[in-house]
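Descriptive analysis of the structure
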Amino acid sequence: MLKGKTALVTGSTSGIGLATARSFAAEGANIVINGFGDKADIEKERAGLEKDFGIKAIYSPADVTKGAEVADMIATTEKTFGSLDVLINNAGIQFVANIEDFPVEKWDAVIATNLSSAFHSIRAALPGMKKRKWGRIINIASAHGLVASPQKVAYVAAKHGIVGLTKVVAIEAANDGVTCNAICPGWVLTPLVQTQIEARAKTSGKTFEEESLPFVSEKQPMHKFTKPENIGALAVFLSSDAAESITGSAYSIDGGWVAE
Ligand code: NAD
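Let me sum up the structure you'll find in this document. Just so it is clear, the structure is predicted and the values come from calculations on it, not from any experiment.

The biggest cluster of nonpolar side chains holds 31 residues, and the ones touching the most others in it are L87, I122 and I137. Counting residues per element, the ones that place at least two in this core are α3 (67-81), α4 (104-132), α5 (153-172) and β6 (178-185). Of the residues forming this core, the biggest block, seven residues, is contributed by α4. Residues within four places of I137 in sequence aside, it is in contact with L87, N89, I122, L126, M129, V169, V178, T179, C180 and N181. A21, I31, A243 and I253 belong to the second-largest nonpolar core, a separate cluster that totals 29 residues.

All right, on to the site of the ligand then. The full set close to the ligand counts 31 residues, and T13, S14, Y155, V188 and T190 are the nearest of them. Backbone polar atom of G186 to an oxygen atom of the ligand: 3.3 Å apart, as the coordinates give it. Contact with the protein chains covers 93% of the free accessible surface of the ligand, which is 830 Å². Where the shell around the ligand is concerned, the elements lending two or more residues are α1 (15-26), α5 and α6 (191-204). The residue makeup of the shell around the ligand, split by class, is 15 nonpolar, 14 polar and two charged. There are two domains that each give the shell around the ligand at least three residues, and those are domain 1 (6-186 + 226-253) and domain 2 (187-224).

Tallying each qualifying case throughout the model produces nine salt bridges. When the shortest N-O distance is used, the salt bridge between R132 and E78 registers 3.8 Å. With a gap of 54 residues between them, R132 in helix α4 and E78 in helix α3 connect regions that are remote in the sequence. Under the relative-accessibility criterion, R132 is labelled partly exposed at 33%. With relative accessibility at 24%, the residue E78 sits in the partly exposed group. Close ionic contact of K133 with D176 constitutes a salt bridge, the shortest N to O distance being 3.3 Å. Here K133, found in the loop between α4 and β5 (135-140), pairs with D176, found in the loop between α5 and β6; they are 43 residues apart in sequence, far enough to count as distant. Among the residues examined, D176 registers a relative accessible area of 18% and is labelled buried. Several salt bridges share partner residues, and in doing so they unite E43, R46, E50 and K56 into one network.

What counts and how
- Residues numbered from 1 in each chain as written.
- Predicted model: local features only at pLDDT ≥ 70, side-chain atom pairs only at ≥ 80, totals over all residues.
- Heavy atoms only, no water.
- Core = buried A, V, L, I, M, F, W, Y, C linked by side-chain atoms within 4.5 Å.
- Buried < 20%, exposed > 50% of the residue type's maximum accessible area, 1.4 Å probe, protein only.
- Helix = DSSP H or I, 4+ residues; strand = E, 2+ residues; numbered from the N terminus.
- Contact = heavy atoms within 4.5 Å.
- Near = heavy atom within 4 Å.
- Polar contact = N/O pair within 3.5 Å; in protein donor to acceptor, adjacent residues only side chain to side chain.
- Areas by Shrake-Rupley, 256 points an atom, 1.4 Å probe, with all protein chains shown as cover.
- Nonpolar A, V, L, I, M, F, W, Y, C, P; charged D, E, K, R; others polar.
- Domains from an automatic or database assignment.
- Salt bridge = Lys/Arg side-chain N within 4 Å of Asp/Glu carboxyl O.

The following block contains the structure:
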């Protein structure tokens, strides 16, 4: 479905981003992967995308909190593949503490990684998309882009911010063939969530398995994790021609979390 297109997924060395990169490669798109991690593991992922799906994949080590590095990543993508057609802003981090105890540097890091990163990448990618009259921008927000939880002040602020940013870009690009949407996942079992369950298990003295179900069911009527590849499938749909008039929306994929 996306043969000949190029998709860039930030934070795709792990979790949701990694699964999403594979979903786009499976549709024939060339892929730019990005994120931190072990060099050999990243090369294995990149080579695996090419081998498994017969596409071309490159890796960018850009730190998404740094505007110049992000701009350079977009320029390299356009130079290598001729275009950047699908931009998926997925890189994200979490930090959990009451606001009085929330370190200022953690606030800055979460806002830079989860919100300003998307400003930098969209700012750099949009001119090319507008010129070519085709583009898809997908921001991985969260259920926390729509509702709040305690102890996640920076994350909730960043994710609400990204839903707002999504709407502005959608309006500005509405007649340029470019759509911009947010995806708002509930719990997906990735390293980002695993750390939070491990922290609870450490406090309660229970096992990871014993803490997993209460962790999910506290927030979600549906007592199971969403699979990372389900997020990838939704992003692929939003990049399809069938979704050409869907823009400015925030799609929940959260086991009913925000329906309550
Ligand atoms: P993860 O920890 O598995 O992956 C995060 C990725 O971001 C990694 O590849 C990491 O290297 C990359 N990254 C972090 N900082 C970066 C930086 N400065 N520059 C470049 N890359 C950077 O996490 P995940 O759960 O897959 O999360 C992916 C996205 O989905 C995040 O935006 C997260 O907020 C969102 N999300 C996750 C869940 C969940 O339950 N896992 C739920 C809702 C939303």
